[in-house]
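# Architecture at a glance
Here's the letter readout for the chains.
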Amino acid sequence: MTGLLIGAVFGAVFVFVNAHDPLNSTVALLLRVVAGLAAAVVLALWFTAARGRRDGGEAPRGAMFGRGYLVIVAAEAVLLFGGLRVLAALGVPEQANVAWVALVVGVHFVALAPIWKTWDIAVPGVVLTLLGVAGLVLAPTSDAAWVPFLSGVLSGIVLLAGAVAVSWRTVAARPSQLDSMS
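Residues numbered from 1 in each chain as written. Predicted model: local features only at pLDDT ≥ 70, side-chain atom pairs only at ≥ 80, totals over all residues. Heavy atoms only, no water.

Before going further, it helps to spend a moment on the nonpolar core. W100, F109, L112 and I121 are the most contacted members of the largest nonpolar core, which has 23 residues in total. Listing elements by their share of this core, those giving two or more residues are α3 (67-89), α4 (96-116), α5 (122-138) and α6 (147-173). Top contributing element to this core by residue count: α4, with 12 residues. Not counting the four nearest positions on each side in its chain, W100 is found in contact with L79, L80, G83, L84, L87 and L136. One finds A8, A12, L23 and A35 within the second-largest nonpolar core, a separate group that totals 15 residues. (Core = buried A, V, L, I, M, F, W, Y, C linked by side-chain atoms within 4.5 Å. Buried < 20%, exposed > 50% of the residue type's maximum accessible area, 1.4 Å probe, protein only. Helix = DSSP H or I, 4+ residues; strand = E, 2+ residues; numbered from the N terminus. Contact = heavy atoms within 4.5 Å.)

Take the packing of α4 against α6 next. Packing of α4 against α6 leaves a shortest axis separation of 8 Å and a crossing angle of 30°. In this view, α4 runs roughly parallel relative to α6, as classed from their interaxial angle. Remark: the crossing between α4 and α6 carries left-handed chirality. Across the interface between the two elements, V98, A99, A102 and F109 from α4 touch V147, P148, S151, G152, S155 and L159 from α6. (Axes fitted to C-alpha atoms, helices over the stretch in contact; angles between N-to-C directions. Parallel < 35°, antiparallel > 145°, perpendicular 65-115°, else oblique. Left-handed = near helix turned anticlockwise from the far one by under 90°.)

Here we take up a nonpolar patch on the surface. A cluster of nonpolar residues, V9, V13, F16 and V17, forms a patch on the protein surface that exposes about 330 Å² of accessible area. With respect to the secondary-structure elements, V9 resides in helix α1 (residues 2-18). (Patch = residues over 30% accessible without salt bridge, like charges linked within 9 Å, V, L, I, M, F, W, Y side chains within 5 Å. Areas by Shrake-Rupley, 256 points an atom, 1.4 Å probe, with all protein chains shown as cover. Salt bridge = Lys/Arg side-chain N within 4 Å of Asp/Glu carboxyl O.)

The relative placement of two aromatic rings is captured by the distance of their centres and the angle of their planes. This model, assessed by the stated rule, comprises three aromatic pairs. Judged by centre distance (5.0 Å) and plane angle (75°), the ring pair of W46 and F47 falls under edge-to-face. When its relative accessible area of 47% is taken as the criterion, F47 is described as partly exposed. With a centroid separation of 6.0 Å and an interplanar angle of 85°, the aromatic rings of W146 and F149 are classed as edge-to-face. (Phe/Tyr/Trp six-rings, centres within 6.5 Å; stacked < 30°, edge-to-face > 60°.)

Shown next, in the form of C-alpha cells:
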C-alpha cells in the first residue's frame, strides 16, 4: 500500500504541475481537483489498510524495498537526470522534459513488476512509457505545447487511477473485523 500511496502522490504532482495552457483554465482546475481527491482516497485507503494490520490483519509481505528496488531506483535517477541534461544539450524543447520523466518512470514500473512479483504496476508502466514516447515524438513539432498534457496530465491520471483501483481492491479483499469475529 505504501507504493500505491507514493504512486498516487506522484500522479497528483504530474497533474498539478502539467495542467495548464493550452488547456482551458476551468478544465485545468477541474483536473487538479480530481487529482487531489483521488490522492486523498488512496491516503484514506492506506490508513484503513494500516489500521487493519495493527488490529491483527496480515503482515506486510517481504522486503519490497530491497536490493532489486534500490538498483532500479538508482538507475532511474541516473536516467532521469542524465537524460534531462542530454535533452537540454541537444536543444530539445523544454516540454520534452515531462515526456522523458514519464518514459523513465514507466520503464521503472515495468522493471519493478517481476521484482515485486506483482503485475499490477506493469500495465500503468507500459502506458506511462508509451505516453512518454508519444510526448518525445510530439515535442519537436508545432504542437509541443500539448506535451505536458499528453505525457504529464495523462500519466498522472493513469497513476492515480491505478493507485485508486488497486488500493480499493486491496482493502476490499481484506476480511473485515466483523467477519473475523464470527
